[in-house]
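In case you want the letters, here they are:
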Amino acid sequence: MKLFGLFHKKEKTTLILPQHIGIIMDGNGRWAKKRGMPRSAGHSAGARTFRAITRYCNRIGIRYLTVYAFSTENWSRPKEEVDAIMKLFHDYLVEALEKFRSENIRTRFIGDLSVLSPELLSLIAEAEETSLHATGMTLNIAINYGGRQEIARAAKMIAQDVREGKLLVNNINEKELSKRIYTAEQPDPDLIIRPSGEQRLSNFLLWQAAYAEFWYSDILWPDFTTGDLDRALEDYSKRNRRFGGV
Ligand code: FPP
């Protein structure tokens, strides 16, 4: 299939790019199984794809990218696999800290991070601080993230504000809830991409995805290329978004 190569195209593209893309990086395990390799090898390959896609999104002018790296449900996987994924986060953070200046990507972590190791937490804090003033894309990495957990957390914050007299019950509305989710201050995702053939949201950005367009594909995440992203973007560009109107 022809690759569109959006970024490399000489003529100016007329595609309408999404401001915010969400990606469910799925299919690492199946990719490894197909090759007779351990699941952790699939995650390592997935981490390489993550790096390439992140860099590409920043280069073509995507303003926000949110990737689902580890869900609140993923802890039920074998310890060996969880440890391998945590090591990949660690290695990425160490590498990213060296490259932040040249890549100009503002990196943030969303989810209940309190359960992560002190070492990871300290790297995350350093990464967020070092990249805080980057002017390129904002990258949200969702770790120990669950959409329901995020909404419950926002509801708890609202209850606390009501109890402390900072918010009137009558003033509780969508805007107040939006202010208390992890991606407050950011536009909602316009496009959610899920490779590997599954057609589910799996607790990803439940609140934010209310009007997002979806793009599914059978490609397993480690095999996902910038050409596949181009295809998703071209498809997105043709969609007629009505936001409930006509
Ligand atoms: C889902 O595939 C993938 C994960 C639970 C882990 C995603 C993690 C990475 C891509 C690692 C690197 C990330 C960063 C931020 C460095 P799966 O294992 O459920 O695949 P399967 O459905 O084929 O089993």
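How each quantity is defined
Residues numbered from 1 in each chain as written. Predicted model: local features only at pLDDT ≥ 70, side-chain atom pairs only at ≥ 80, totals over all residues. Heavy atoms only, no water. 1 Å grid on protein atoms, 1.4 Å probe; cavity = no way out; pocket = protein on both sides within 12 Å on 5 of 7 lines; lining within 4 Å. Points joined across faces, edges and corners; volume = space filled by probe spheres on them. Helix = DSSP H or I, 4+ residues; strand = E, 2+ residues; numbered from the N terminus. Nonpolar A, V, L, I, M, F, W, Y, C, P; charged D, E, K, R; others polar. Buried < 20%, exposed > 50% of the residue type's maximum accessible area, 1.4 Å probe, protein only. Salt bridge = Lys/Arg side-chain N within 4 Å of Asp/Glu carboxyl O. Phe/Tyr/Trp six-rings, centres within 6.5 Å; stacked < 30°, edge-to-face > 60°. Near = heavy atom within 4 Å. Polar contact = N/O pair within 3.5 Å; in protein donor to acceptor, adjacent residues only side chain to side chain. Areas by Shrake-Rupley, 256 points an atom, 1.4 Å probe, with all protein chains shown as cover. Sits in = over half its atoms within 2 Å of the grid points.

Asker: I tried to follow the layout of surface pockets on my own but got confused; where do I start?
Answerer: The rolling of a water-molecule-sized probe over the atoms marks out the regions of remaining empty space. As a volume, the largest pocket reaches approximately 670 Å³. If you go around the largest pocket, you meet 31 residues; those closest to its centre are M25, N28, Y68, A69 and N74. Every element with two or more residues in the lining of the largest pocket is listed here: helix 1 (28–34), helix 2 (39–60), strand 2 (64–71) and helix 3 (79–103). Looking at the lining of the largest pocket, the element that brings in the most residues is helix 2, giving six residues. Classifying every residue of the lining of the largest pocket by side-chain character gives 14 nonpolar, eight polar and nine charged.

Asker: For this particular structure, what's the right way to read unusual backbone geometry?
Answerer: With the exception of glycine, the majority of residues adopt a negative phi angle, and the majority of peptide bonds are in the trans configuration. Here S196, not a glycine, exhibits a phi torsion of approximately 80 degrees, which is positive. Among the secondary structure elements, S196 is positioned in the loop between strand 5 (191–194) and strand 6 (213–216). The exposure class of S196 is buried, given its relative accessible area of 6%.

Asker: Any chance you could explain the pattern of salt bridges here in plain terms?
Answerer: Where charged atoms from two side chains of opposite charge approach closely, those side chains can pair. Tallying each qualifying case throughout the model produces 20 salt bridges. A salt bridge links R39 to E81; the nearest nitrogen and oxygen atoms lie 2.8 Å apart. Highlighted residues: R39 in helix 2 and E81 in helix 3, separated in sequence by 42 residues. Of the residues examined, R39 reaches a relative accessible area of 37% and is grouped as partly exposed. Overall, the relative accessible area of 6% leaves E81 in the buried class. Between R231 and D228 there is a salt bridge, and its shortest N-O distance comes to 2.8 Å. Of this pair, R231 and D228 both sit in helix 7 (residues 226–238), three residues apart, which is roughly one turn of the helix. D228 carries the same exposure label as R231, and that label is buried.

Asker: Which parts of the structure should I look at to understand the packing of aromatic side chains?
Answerer: A ring pair, where both rings are aromatic, is described by two values, the distance of the centres and the angle of the planes. By the definition in use, this model includes eight aromatic pairs. Geometrically, the ring pair formed by Y68 and F204 is stacked, given 4.7 Å between the ring centres and 15 degrees between the ring planes. A residue pair is termed long-range when its members are at least 10 positions apart, and Y68 in strand 2 and F204 in the loop between strand 5 and strand 6 qualify at 136 residues. Note on Y145 and F204: the rings are 6.4 Å apart at their centroids and 80 degrees apart in plane angle, and the pair reads as edge-to-face. In this pair, Y145 is assigned in strand 4 (residues 138–145) and F204 in the loop between strand 5 and strand 6, connecting sequence segments 59 residues apart. With respect to burial, Y145 and F204 carry one shared label: buried. Clustering of aromatic rings is evident, with ring pairs tying together Y68, Y145, Y182 and F204.

Asker: Would you explain the site of the ligand in this entry?
Answerer: The ligand sits among 18 residues. The nearest are G29, R30, R39, H43 and R77. One of the backbone nitrogen or oxygen atoms of G29 is found 3.1 Å away from an oxygen atom of the ligand. Within the complex, 92% of the 630 Å² of free accessible area of the ligand lies under protein. Assessed atom by atom at 2 Å from the grid points, the ligand resides in the largest pocket. Elements that contribute at least two residues to the shell around the ligand include exactly helix 1, helix 2 and helix 3. The greatest single-element share of the shell around the ligand, amounting to five residues, is contributed by helix 2. Taken together, the residues of the shell around the ligand sort by class into eight nonpolar, six polar and four charged.

The quantities given are spatial measurements derived from coordinates; they are silent on function.
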